[in-house]
Amino acid sequence: MKISEKVQCFSEYAVKTRRYLHQIPELSGEEYKTSAFCKAQMREAGFMITEYDGFTGFCADLHIHDDMTLIAFRADMDALEMEDRSENDFRSTHAGCAHNCGHDTHTAILLTFGCYLSAHRETLTHNVRLIFQMAEEDMRIPGADKLVELGCMVGVSEVYALHNDGSQEKGKVLIREGILSSYGSAWTVTIQGISSHGSTPEKGLNVIAEGARLVQEINYIIANKVSPRSTAVLSIGMFHAGTIPNAIPDYAMLRGTIRTRDEATDLLVKSCFKTAIAKSELEGFNAELDLVGYPAVINHPEAYRRVCDAAKKVVPSALIDAHCQPMAGSEDFSYMINATEGRKGAMFFLGSGNAAEGVCNYLHSNPYYVDEEFMLIGVQIFIHLVTA
C-alpha cells in the first residue's frame, strides 16, 4: 500500500477517533453525541460549519480559492439497533446500539481526511466540503434526501463516498461504472379486520389469513411477474398479529423490503404489490401500504474513472475490482449524486477485513470487526481526488 508519510502521521488519530465513535453508537436521526464531536473536530481544523436546525447532519467546508471547483465527500454517522457482541476493549457503551455496519470507520476516515487537508492546504486543487450525514440506515427517517433538500449539495461539482466491507481483504477496492446499488424500498402493510372468538371465525374477518394470502402473492409477483433477465427481491421480515391463541385478531402488520436493479422493474414490482393489497379491500379489509425508499447509486463514468485512477496510486492493481457486481443493498448516497450537475459522483467499497487475523465478516453481522489499518487507505484515496 502506498500511504505517504504525511498521511501515516494521522494513523493514531484515525484509530483513536474510530474507537471513541465505536463506543457511542447512535440510531438514525439521533446522532447527537457523534455530530457534536465531529463538529468540534472540524471547527478545530479550521473548517466552516453549516448546521441544519432540527437535524444532526452538517457540512464542513474548506475554501481554498474562488476559482476552484467544490468537491464533496460524505460519511454516514448512524449505527444499528443491536447489541455489540464484539470482544473489543472499546465496545459500545450504548445498550442495544452498535456500529455493525462500520459507519464509525466512515466517519473517522472523513475526520482524518479533513485534518490532513487542513494541515496541507497548499496541495489542494479543489475546495472541499465534508458532509456528515444522519440516518442512512433507516429509510423511514430523513437522511441524505433531507440534507440535499436543505442545500448540502449547492455549488458541488462532484461527490464521493466509500463504504467499508469486512468480508473483503484490507485495501480491496470494488467499484463499477453505472449502477452500484439497488433501487431499495422498505414497506409496511397494515390490515384491519374484525376480531372474533376462535370458535366462531365466521363472525370475523381474519387478518392472519389475509396476511398469509399477501405472503403468497408476494412470492407470486417475483416468480411470475418479473422477467428472469431482471433482478428483484421482495422480502418479508416481520408479520405481527394476535395476542392470545383463542381469538381471531382484528389487526396485522407486515414489514419487508423491495430490491431491484433497474427502475422499470422497481415500478413493476411496486405496482403488482399495490394490486395485491387492493384485493384485501375487495374482501372487506382495510389495508394500507406505506412505501419509502432510495433510488439506485449510479456511478458517473468520469467520477468512476477518477476513483479508479486514485485507487491505482494507493493499492496494487490486483486489489482493484473495477467491474464488481452491483450490490443487492441500497444506499441513500444516490440522492447526493443525483443532486450534482450531470449527476457526477461515485461510490466504492473498500475492504476492511483481514482473513489471517480472523477478520472476515459481512455488514450487519454480529460481532462485526474491521482491520483499522484500512482507514488510512481510504484517506489516501480521497486525498488523490482533491490533489490530482
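Above this text is the structure in question.
Residues numbered from 1 in each chain as written. Predicted model: local features only at pLDDT ≥ 70, side-chain atom pairs only at ≥ 80, totals over all residues. Heavy atoms only, no water.

Chemist: What exactly am I supposed to notice about the environment of Val233 here?
Modeler: Relative to the helices and strands, Val233 resides in strand β10 (residues 232-241). Judged by its relative accessible area of 42%, Val233 is partly exposed. For the pair Val233 and Thr257, spaced 24 residues apart in sequence, the C-alpha to C-alpha distance is 7.9 Å. Residue contacts for Val233: discarding those within four places in its chain leaves Ile222, Thr257, Ile258 and Arg259. (Helix = DSSP H or I, 4+ residues; strand = E, 2+ residues; numbered from the N terminus. Buried < 20%, exposed > 50% of the residue type's maximum accessible area, 1.4 Å probe, protein only. Contact = heavy atoms within 4.5 Å.)

Chemist: Sorry if this is basic, but what is going on with the pairing of strand β8 (residues 183-192) here?
Modeler: As a general feature of sheets, a regular strand has side chains that alternate between the two faces. Across the 10 residues of β8, 9 count as buried, placing the element largely inside the fold. Relative to strand β12 (residues 251-260), β8 runs antiparallel, the two sharing 10 bridges. Paired with Gln192 across the bridge in β12 is Tyr251. Pairing of β8 with strand β13 (residues 286-294), which is carried by 9 bridges, proceeds in the antiparallel orientation. Across the sheet, residue Thr188 finds its bridge partner in β13, namely Asp290. (Pairing = 2+ DSSP bridges.)

Chemist: Explain the packing of aromatic side chains to me, please; I cannot follow it from the model alone.
Modeler: The geometry of an aromatic ring pair comes down to the distance between the two centres and the angle between the two planes. Counting across every chain of the model gives 10 aromatic pairs. With 4.8 Å between their ring centres and 50 degrees between their planes, Phe73 and Phe382 make a pair best called tilted. Here Phe382 lies in helix α10 (residues 374-387) and Phe73 lies in strand β3 (residues 70-76), a separation of 309 residues in the sequence. In this structure Phe382 comes out as buried when scored by relative accessible area, which is 1%. One aromatic cluster is present, formed by Phe73, Phe113, Tyr160, Phe348 and Phe382 through successive ring pairs. (Phe/Tyr/Trp six-rings, centres within 6.5 Å; stacked < 30°, edge-to-face > 60°.)

Chemist: Looking at this structure, I do not really get helix α6 (residues 207-224). What am I missing?
Modeler: In an α-helix, one full turn covers 3.6 residues, which means residues spaced three or four apart are oriented alike. Taking 1.5 Å of rise per residue, 18 residues should cover 26 Å, and α6 covers 25 Å from first to last C-alpha, within 8% of that figure. On its buried side, α6 packs onto β8, β10, β12 and α7 (263-282). Structurally, the start of α6 carries an N-cap: the backbone nitrogen of Ile208 is 2.9 Å from a side-chain oxygen of Asn206. (Expected span 1.5 Å × (residues − 1). Polar contact = N/O pair within 3.5 Å; in protein donor to acceptor, adjacent residues only side chain to side chain.)

Chemist: Would you mind showing me how to read the sheet that holds strand β5 (residues 156-169) here?
Modeler: Whether parallel or antiparallel, the strands of a sheet pair through hydrogen bonds between backbone atoms. Pairing in this open sheet of 8 strands is mixed, and the strands run β1-β2-β4-β3-β5-β16-β6-β15 from one edge to the other. The open sheet is flanked by β1 (48-51) and β15 (320-321), the only strands paired with a single partner. Summarising the sheet, strand β6 (residues 173-174) and β15 pair through 2 bridges and their orientation is parallel. The residue of β15 that forms the bridge with Val173 is Ile320. Of the strands in this sheet, β1, β2 (58-62) and β4 (127-133) touch helix α3 (residues 32-44), which is tilted by about 150 degrees from β1. Across the sheet, α10 is in contact with β3, β4, β5, β6 and β16 (345-353); its angle to β16 comes to roughly 155 degrees. (Axes fitted to C-alpha atoms, helices over the stretch in contact; angles between N-to-C directions.)

Chemist: When you look at the pattern of salt bridges in this model, what are you seeing that I'm missing?
Modeler: Opposite charge on two side chains makes pairing possible when the charged atoms of those side chains draw close. Tallied over the full model, the rule gives 21 salt bridges. Note that Lys170 and Asp371 form a salt bridge whose closest N and O atoms lie 3.5 Å from each other. Here Lys170, found in the loop between β5 and β6, pairs with Asp371, found in the loop between β16 and α10; they are 201 residues apart in sequence, far enough to count as distant. Residues Asp309 and Arg305 are paired through a salt bridge, measuring 2.9 Å at the closest nitrogen-oxygen approach. In this pair, Asp309 and Arg305 both sit in helix α8 (residues 301-312), 4 residues apart, roughly one turn of the helix. Since its relative accessible area comes to 41%, Arg305 is described here as partly exposed. In this structure, a network of salt bridges that share partners links the residues Arg18, Arg19, Asp104 and Glu372. (Salt bridge = Lys/Arg side-chain N within 4 Å of Asp/Glu carboxyl O.)

Chemist: Teacher, can you tell me more about the nonpolar core here?
Modeler: Across soluble globular proteins, nonpolar side chains show a tendency to be buried alongside one another. Of all hydrophobic cores here, the largest spans 60 residues; its most connected members are Met42, Phe73, Phe113, Leu130 and Phe132. Broken down by element, the residue count for this core peaks at 10 residues, all from α10. Not counting the four nearest positions on each side in its chain, Phe73 is found in contact with Leu110, Phe113, Val128, Arg129, Leu130, Ile131, Tyr160, Phe382, Leu385 and Val386. Core analysis: the second largest hydrophobic core is formed by 23 residues, Met134, Ala135, Ala144 and Ile337 among them. (Core = buried A, V, L, I, M, F, W, Y, C linked by side-chain atoms within 4.5 Å.)

Chemist: Any chance you could explain the sheet that holds β10 here in plain terms?
Modeler: Strand order in the open sheet made by the 4 strands is β10-β12-β8-β13, with antiparallel pairing throughout. On the outer flanks of this sheet lie β10 and β13, each paired with one strand and no other. Within the sheet, the average angular offset between the axes of one strand and its neighbour, ignoring direction, is 15 degrees. Here β10 pairs with β12 via 9 bridges, running antiparallel. Paired with Ala241 across the two strands is Ala252, which belongs to β12. Lying on the sheet, α6 is in contact with β8, β10 and β12; it crosses β10 at an angle near 170 degrees. Across the sheet, α7 touches β8, β10, β12 and β13, and the angle it forms with β13 is around 165 degrees.

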